[in-house]
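Here's the letter readout for the chains.
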Amino acid sequence: DFYDATHSNRINRLLHIWGIPLILGAAIGLFVLPVHQTPWLWAAGTFAFGWALNIWGHAFHEKNAPAFADDPLSFIAGPAWDLKQLFVRSAEPQA
């Protein structure tokens, strides 16, 4: 599908497997923590770092634009794809 096609590089996929959960967890923190206090600032930094991982993956490994550049719903597809990658990988037989 479209999301898989824009995430075919192994390193980019790995960066997304780390970056997307960081973004999601930090976004929750940004909404629930007191603004401009130390925990909130950590959440803001984590949010930026998660995005940096994803952008780095596209710019230097995948060499394409993030999927949301063409499909805004990729913001929803990203976390779902991430979960799929983890479950598919854990279901694969170990050598």
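Digging into the overall build of the chain
Stage number 1. The number of helices and strands found in the chain is four helices and zero strands.
Stage number 2. Counting from the amino terminus, the chain carries its helices and strands in the arrangement α-α-α-α.
Stage number 3. In terms of overall dimensions, the chain has C-alpha extents of about 45 × 30 × 25 Å along its principal axes.
Stage number 4. Taking all 95 residues of the chain together, 29% fall into the buried category.
Stage number 5. Counting contacts in the chain only where the partners sit at least 6 residues apart, residues at least 24 apart contribute 68% of the total.
Stage number 6. Working note: accessible area of the chain is about 6,400 Å², and carbon and sulfur atoms make up 72% of it.
Stage number 7. Of the charged side chains in the chain, 5 are positive and 7 negative, and the gap between their average positions amounts to 9 Å.

Examining the packing of helix 2 (residues 10–32) against helix 3 (residues 38–62)
Stage number 1. In contact at an axis separation of 8 Å, helix 2 and helix 3 are set at 155° when each is read in the N-to-C sense. The pairing of helix 2 with helix 3 is recorded here as roughly antiparallel in orientation. Considering the relative orientation of helix 2 and helix 3, their crossing is left-handed.
Stage number 2. Its residues assigned to classes, the contact of helix 2 with helix 3 comprises 17 nonpolar, ten polar and one charged.

Focus on the side chain of H58
Stage number 1. The residue H58 is located in helix 3 in this model.
Stage number 2. In this structure the side chain of H58 is engaged in a polar contact, spanning 3.2 Å, whose partner is the side chain of H16.
Stage number 3. With residues up to four places along the chain from it excluded, the contact list for H58 reads T6, H7, N12, H16, K63, N64, A65, P66 and A67.

Let's talk about a nonpolar patch on the surface
Stage number 1. On the surface, a cluster of nonpolar side chains totalling about 390 Å² of accessible area is made up of I28, F31 and V32.
Stage number 2. Within the fold, I28 resides in helix 2.
Stage number 3. We classify I28 as exposed; its relative accessible area is 56%.

Parameters at a glance
- Residues numbered from 1 in each chain as written.
- Predicted model: local features only at pLDDT ≥ 70, side-chain atom pairs only at ≥ 80, totals over all residues.
- Heavy atoms only, no water.
- Helix = DSSP H or I, 4+ residues; strand = E, 2+ residues; numbered from the N terminus.
- Buried < 20%, exposed > 50% of the residue type's maximum accessible area, 1.4 Å probe, protein only.
- Contact = heavy atoms within 4.5 Å.
- Areas by Shrake-Rupley, 256 points an atom, 1.4 Å probe, with all protein chains shown as cover.
- Lys, Arg positive; Asp, Glu negative; His and termini not counted.
- Charge placed at Lys NZ, Arg CZ, Asp CG, Glu CD.
- Axes fitted to C-alpha atoms, helices over the stretch in contact; angles between N-to-C directions.
- Parallel < 35°, antiparallel > 145°, perpendicular 65-115°, else oblique.
- Left-handed = near helix turned anticlockwise from the far one by under 90°.
- Nonpolar A, V, L, I, M, F, W, Y, C, P; charged D, E, K, R; others polar.
- Polar contact = N/O pair within 3.5 Å; in protein donor to acceptor, adjacent residues only side chain to side chain.
- Patch = residues over 30% accessible without salt bridge, like charges linked within 9 Å, V, L, I, M, F, W, Y side chains within 5 Å.
- Salt bridge = Lys/Arg side-chain N within 4 Å of Asp/Glu carboxyl O.

Everything listed here is a matter of coordinates, which is why it stays silent on function.
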